Structures are given as structure tokens and as C-alpha cells.
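Listed below are the residues making up each chain.
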Amino acid sequence: MGDITPLTGLGKAGSSSIASVHVIKDKVQKRKRPSEENKQVVSFVSTSKIPRKTVSGRSNSAISTVSTEGFVSIDGAAMLENALEEIGALRIREAFLRRLDAIPGPKVTLTNDIDDTSPSLSFRFVDSCVLREGVTKASEEFMFGCTCKPNNGRHMGCEYTACECLDQMNNRKFPYIATGDRAGTLRDGHLSTRDAIFECNRLCNCGDNCLRCPVDLRKGEFIDTYKGEIITNRAANERERAKKKIKAKDTYLYTMEKFAEGNNIPPHMLYIVDGEYLGGPTRFMNHSCDPNCRQFSVSYHHGDMYIYDLAFFAIDSIPAGTELTFNYTDNDHTEQRRKKKSRDSLECLCGSANCRGYIWM
Ligand SMILES: C[S@@+](CC[C@H](N)C(=O)[O-])C[C@H]1O[C@@H](n2cnc3c(N)ncnc32)[C@H](O)[C@@H]1O
């Protein structure tokens, strides 16, 4: 993607703050489409490694002085400034919590048990992607649904049938488990692949039970999709350049390149989801070299190779309170290892035993 390296995962800038997404176990309503509605309850914990930021943008360290008696003395003006900063930070947090409360569906909470930094208020939660200038979806006219019998005479929808929606899937196998304890979760056979998932859509004939209705965070469970502004490659380059100028480190760009190779789509034609300013809870998910989630590409419009869902699934059973992570560069380990350290290399702070040292080189 121009002067931005195409990524299977997230962006490429340097490292700074690390807010993270955690699971809080809760029941999720039975709903039809996993990647749109069966979002799990998550909480955020900021594990920021950057120095404390103040509302005024100045460091607090400049306003405390150590007296000869060895006590910390703070003058009146500095105390006032400190108090105002605290109030400002509190207001930001309260405003952010109000935004979290307003997210439809299961409760999302935010905690920061590492430091006193506040989340940015220039970020807003959205429940679906926002298409920006130059980005177009494939026309609905080209959308088609399957011709399976409603619920296939049972309660399972159209799995294990000649469902046309599976035509684009490797080996034509329905990717979800239909019955038992893990009903609705991704099959182990699929979890170990990077294969895209093609699902039924509103034009399909198969009925309401076709898809999944998970109730807990089990292995293979759908978590949520990555949401944000969908922008062109050119716009993404411009945004990256602007960020470089101000030395901003965190990156939230996610390139939709799953179907590029098979369809000869050149990098400059690809769309990118930017979750920095508009996004969902998964925009806070950090990278880990030993992740518990993986992103899968899920498509409903079988003719649209540019826009699809970036859906996260648990690749293990995840106990409540565990940070949700995924591998930003996934299968690119070998390629990453071949690369040399550069200005854009991002040191990995995941702390896992098999940490490869860098998220990307
Ligand atoms: C999508 S954001 C993740 C959420 C972000 N930490 C936040 O607070 O909003 C991606 C950025 O987080 C940071 N990050 C995520 N995982 C990291 C890791 N394992 N080591 C170092 N930095 C990480 C990097 O700066 C990266 O560009």
C-alpha cells in the first residue's frame, strides 16, 4: 500500500501506549449473525508505557521540588495547576465512561490499573464501519443468497448441505460447530487455518438458525469485528504521513487485503479500516506473540472482494479477566525474521515466553 507496508494485521508505527482489551464473562443474547451481533463483554485495561500525560500537555515532574529537609514541597500555583489537571483528567475519564455505557449490547467497562493516563476523547465508538471518500461497496444487485430449505428441516440451517454460500470456502465445509457444548464456535480445523469465512446473508433462504448463537467465551467463539472508517490507500498514506510528522506512535490501520492476491487487486486499490478516531472495543486489542484470539475474514457479499468483516475469534478457551490479544502479523513470522531492524521497527512488549522481540521489522 504505497509507502505503507501492507499488513495482515495492524499498522506499523512505533510503540507507545498499550491500552488492552480484557474479557468479562457474561451471557450474550442469542442472535443471528456472529460478526455483527454476538459481541462478548470486554473491559479495557491501559498498560501504558509512556510517561504520564497531563491535560495541559506538560509533565507533572516539573512542578514538584524536593526541599532541603527532604520533604516534597509544592507551591500554591503548582498545587492549583495539579488540581486542575486532576479535574480535567477525571472529566475526560467520565466522558469516556459515558461513551462506553452508550455502546449497545453487552456492557463494556474500562479500567486502568497501571497508571493515570486517560483515553483520548478524539476517539468515538461506532457500531459499524463508516465509508469515507473514494470507498464504495459492491452493489447489492450483485448480492445473492443460498437456495437451501429453511432450517434444512432441522434446527441447524444449511450446514452440511449443498449451500451455495460455501462455494468460495476451501473444502466447502461449514466453519462452525453445530451442536454440543461448543455449538456456534469455529471448528478446530478452521481455527488452525487462515481461510476466509463466507456466511449466509439476508437474501439466503436457510432461515434464522443458520448461523450461530454463542453464550460464552469458548474456544472458537466470535468476539467482535474491527470497526472504523474505511478509507482509500491514498487517504491512509496521508494519515500515516501526518502522524509521522507529529511522531505519533500507535497505529490503528487495518488493511483489507485478504482477497487481493487471488483477485489480482494491486495494493493501491485496497481499502483500509482506520480505528483511531471511530471504532469499536477491538481497536484496543494489543499484539501478542502468544495470542488468544485470531482475526478471520468474513464475507456475506460473495462478490465484494474489497469490503468484508475483520472478525475476531478466541483460539483457546479464555478465562474471565484475561487480556484479549491477537498476532498483528500472524503468519508473517518467517518474513519478519528475514527483515532487518529499521526506523519503523516496533519493539514488542507482549512479554510472552516465545516473544519474537518485534511486532514488525
Ligand atoms: C490498535 S493499537 C492497540 C491499542 C493501543 N495500545 C491503545 O492504547 O489504543 C496498536 C498500537 O498499540 C501498541 N501495541 C500493541 N501491542 C503492543 C505490543 N505487544 N508491544 C508494543 N506495543 C504494542 C503499538 O503502538 C501499536 O501501534
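Residues numbered from 1 in each chain as written. Predicted model: local features only at pLDDT ≥ 70, side-chain atom pairs only at ≥ 80, totals over all residues.

The protein chain is annotated in an unreviewed UniProt entry as Histone-lysine N-methyltransferase of Trichoglossum hirsutum. According to UniProt, the comment filed for the protein chain under the heading Subcellular location (unreviewed entry) is "Chromosome". (UniProt positions renumbered as here; feature names shortened; annotations may be inferred.)

### Some words on unusual backbone geometry
The general pattern is negative phi for most residues beyond glycine and trans for most peptide bonds. The backbone phi angle of Arg172 is positive, close to 55°, even though this residue is not glycine. Along the chain, Arg172 turns up in the loop between β7 (130-131) and α3 (188-191). According to the C-beta neighbour criterion, Arg172 is partly exposed, with 13 such atoms within 10 Å. For Lys247, which is not glycine, the phi dihedral falls at a positive 60°. Assignment of secondary structure puts Lys247 in the loop between α4 (233-245) and β11 (253-255). With 9 C-beta atoms packed within 10 Å, Lys247 lands in the exposed category. (Helix = DSSP H or I, 4+ residues; strand = E, 2+ residues; numbered from the N terminus. Buried ≥ 20, exposed ≤ 12 C-beta atoms within 10 Å, placed from the backbone.)

### A word on the sheet that holds β11
Reading across the sheet, the 4 strands line up as β7-β10-β12-β11 and stay open at both edges, with mixed pairing between neighbours. This sheet does not close on itself; its edge strands, each paired only once, are β7 and β11. Of the strand pairs in this sheet, strand β10 (residues 229-232) and strand β12 (residues 271-274) are connected by 4 bridges, and their pairing is antiparallel. When the sheet's bridge partners are listed, Ile231 is paired in β12 with Ile272. The sheet contacts of α4 involve β10, β11 and β12, and relative to β10 the element is tilted by about 100°. (Pairing = 2+ DSSP bridges. Contact = placed C-beta atoms within 7 Å. Axes fitted to C-alpha atoms, helices over the stretch in contact; angles between N-to-C directions.)

### A closer look at the nonpolar core
In this structure, Ile272, Val273 and Phe313 are the most contacted members of the largest nonpolar core, which totals 45 residues. For this core, the secondary structure elements donating two or more residues are β8 (197-198), β9 (222-225), β10, β11, β12, β15 (293-299), β16 (309-314) and β17 (323-326). Of the residues forming this core, the biggest block, 5 residues, is contributed by β16. Once residues within four sequence positions are removed from consideration, Ile272 is found in contact with Ile231, Asn233, Ala236, Leu253, Tyr254, Thr255 and Met256. (Core = buried A, V, L, I, M, F, W, Y, C linked by C-beta atoms within 7 Å.)

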